[in-house]
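Survey of secondary and tertiary structure
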Amino acid sequence: MYSLENVIKKYERHGQEVTALDDTNLEIPDNDFVAIIGPSGSGKTTMLSLLGGMLAPSSGKVVLDGVSLYDLSVKERTKVRSTKIGFVFQSFNLIPWLTARENVQIPLVLAGCDSEQQQQRASAMLEKVGLADRMRHKPSEMSQGQQQRVALARTLANDPQIILADEPTGNLDPETREQVMEYLTEFHQDGRTIVMVTHDEAAAKFATRTIRLVAGVAADLNTESQAEAA
């Protein structure tokens with residue numbers, strides 16, 4: 001389980017202090033599917049970076065499975081990222097000169113798997129996202145939707161407990177967007193925790209819970225709705 005405990009994140013921009021997150025408290029149970037929504041500059045990507053162990057808070061704690069992430073050494077935090085957390089980005093972040101299978105193998109290479117294990121696991125993950133016939137294709141030879149599915153397969157390569165997705169449907173047409181969200185829903189049904197930043201209301205509806213960020217302040221829309229109903 002994730003928890004943010006009194007998290008504040010401040011930046012210095014053009015000589016002025018900006019508060020990206022303001023005394024945020026949040027719990028994300030295991031196997032939750034959370035959509036984080038809000039206007040540009042509201043702190044959504046900052047929150048995802050904090051959860052991913054990539055950006056230390058100015059104060060407060062980010063706790064994963066009972067361990068304070070930013071009390072760990074850089075090496076220990078890197079290990080947590082490589083074993084527990086998978087990332088999906090709007091821009092896909094595929095290496096253009098590698099094939100689909102080689103792109104999916106990257107986290108397996110970093111994990112020290114042998115060549116045969118890498119190829120078998122990468123092939124299985126590409127099959128899982130419907131790309132068994134595209135394993136030898138490079139990103140330029142695939143559509144944007146296919147590239148995002150390669151990115152999803154790469155995310156699954158190390159069988160992460162958590163998937164952090166930053167605008168995963170941002171560059172996709174409506175049909176492909178729905179397909180990608182169906183895959184994320186499937187990953188959630190497999191038992192994974194999904195935390196997704198999105199501007200896309202249709203994508204947010206796939207989540208089981210929605211957090212709205214405005215000026216660095218988080219509000220759980222599901223809790224608000226329950227309070228109004230009561």
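Criteria and cut-off values
- Residues numbered from 1 in each chain as written.
- Predicted model: local features only at pLDDT ≥ 70, side-chain atom pairs only at ≥ 80, totals over all residues.
- Heavy atoms only, no water.
- Core = buried A, V, L, I, M, F, W, Y, C linked by side-chain atoms within 4.5 Å.
- Buried < 20%, exposed > 50% of the residue type's maximum accessible area, 1.4 Å probe, protein only.
- Contact = heavy atoms within 4.5 Å.
- Helix = DSSP H or I, 4+ residues; strand = E, 2+ residues; numbered from the N terminus.
- Polar contact = N/O pair within 3.5 Å; in protein donor to acceptor, adjacent residues only side chain to side chain.
- Patch = residues over 30% accessible without salt bridge, like charges linked within 9 Å, V, L, I, M, F, W, Y side chains within 5 Å.
- Areas by Shrake-Rupley, 256 points an atom, 1.4 Å probe, with all protein chains shown as cover.
- Salt bridge = Lys/Arg side-chain N within 4 Å of Asp/Glu carboxyl O.
- Lys, Arg positive; Asp, Glu negative; His and termini not counted.
- Charge placed at Lys NZ, Arg CZ, Asp CG, Glu CD.
- Phe/Tyr/Trp six-rings, centres within 6.5 Å; stacked < 30°, edge-to-face > 60°.
- Lys NZ or Arg CZ within 6 Å of the ring centre and 35° of its normal.
- Axes fitted to C-alpha atoms, helices over the stretch in contact; angles between N-to-C directions.
- Parallel < 35°, antiparallel > 145°, perpendicular 65-115°, else oblique.
- Left-handed = near helix turned anticlockwise from the far one by under 90°.
- Nonpolar A, V, L, I, M, F, W, Y, C, P; charged D, E, K, R; others polar.
- Pairing = 2+ DSSP bridges.

**Quick word on the nonpolar core**
Counting 34 residues, the largest nonpolar core has V104, L126, V150, L152, L184, F187 and M196 as the members making the most contacts within it. In this structure L184 touches F33, L152, I163, P168, I194 and M196, once residues within four positions along its chain are discounted. Counting residues in each nonpolar core, the second largest holds 25 residues, with L4, L69, L164 and L213 among its members.

**A few points about the side chain of T193**
You can see T193 is positioned in strand β8 (residues 193–197). Within the structure, the side chain of T193 is placed 2.8 Å from the backbone nitrogen of N31, a separation counted as a polar contact. When sequence neighbours within four positions are dropped, the list of residues in contact with T193 reads I28, P29, D30, N31, D32, Q161, I162 and I163.

**So, a negative patch on the surface**
Together, D173, E175, E178 and E182 give the surface a local cluster of negative charge. When you line up the elements, D173 lands in the loop between β7 (162–166) and α6 (174–189).

**A few points about the environment of G86**
Position of G86 relative to the elements: it lies in strand β6 (residues 85–89). Residue G86 is classed as buried on the basis of its relative accessible area of 4%. Separated by 135 residues in the primary sequence, G86 and L221 have C-alpha atoms spaced 25 Å apart.

**Examining the side chain of K9**
Counting through the fold element by element, K9 comes out in strand β1 (residues 2–13). We note that K9 is buried and unpaired, the nearest opposite charge coming from E17 at a distance of 11 Å. Among residues more than four places away in sequence, those in contact with K9 are V18, T19, A20, L21, T46, L55, A56, P57 and S58.

**Topic: the environment of P160**
Along the chain, P160 falls in the loop between α5 (144–156) and β7. A relative accessible area of 3% means that P160 is categorised as buried. C-alpha of P160 to C-alpha of S140: the two residues are 20 residues apart in sequence and 27 Å apart in space. Beyond its immediate stretch of four places on either side in the chain, P160 contacts T83, K84, I85, G86, T155 and R192.

**Examining the packing of aromatic side chains**
Under the counting rule described, the total for this entry stands at 2 aromatic pairs. Ring geometry for F87 against F89: centres 6.2 Å apart, planes inclined by 5°, an arrangement best described as stacked. The exposure class of F87 is buried, given its relative accessible area of 18%. For F89, a relative accessible area of 27% corresponds to the partly exposed category. Looking at K9, its charged tip hangs above the ring of Y11, at a distance of 5.5 Å from the centre.

**Looking at the packing of helix α3 (residues 100–110) against helix α4 (residues 115–128)**
One way to put it is that α3 packs onto α4 with a least axis distance of 9 Å and a crossing angle of 120°. Taken together, the axes of α3 and α4 lie oblique to each other. Like other packed secondary-structure pairs, α3 and α4 cross with a definite hand, here right-handed. Between α3, through A100, R101, V104, Q105, L108 and V109, and α4, the contact on the second element is made entirely by Q118, Q119, R121, A122, S123, M125 and L126. A per-class count over the contact of α3 with α4 returns 7 nonpolar, 4 polar and 2 charged.

**Section: the sheet that holds β6**
Taking strand neighbours across the sheet as the criterion, the 6 strands line up as β6-β7-β8-β3-β9-β10 in an open arrangement whose pairing is mixed. With partners counted over all chains shown, the strands left at the sheet margins are β6 and β10 (217–220), one partner each. Here the strands of the sheet are splayed against their neighbours by 20° on average, with no regard to which way each runs. In terms of strand pairing, strand β3 (residues 33–37) meets β8 through 4 bridges, oriented parallel. In the strand pairing of β8, V34 is matched with V195. Here helix α2 (residues 74–84) sits on the sheet and contacts β6 and β7; the angle it forms with β6, its principal contact strand, is near 75°.

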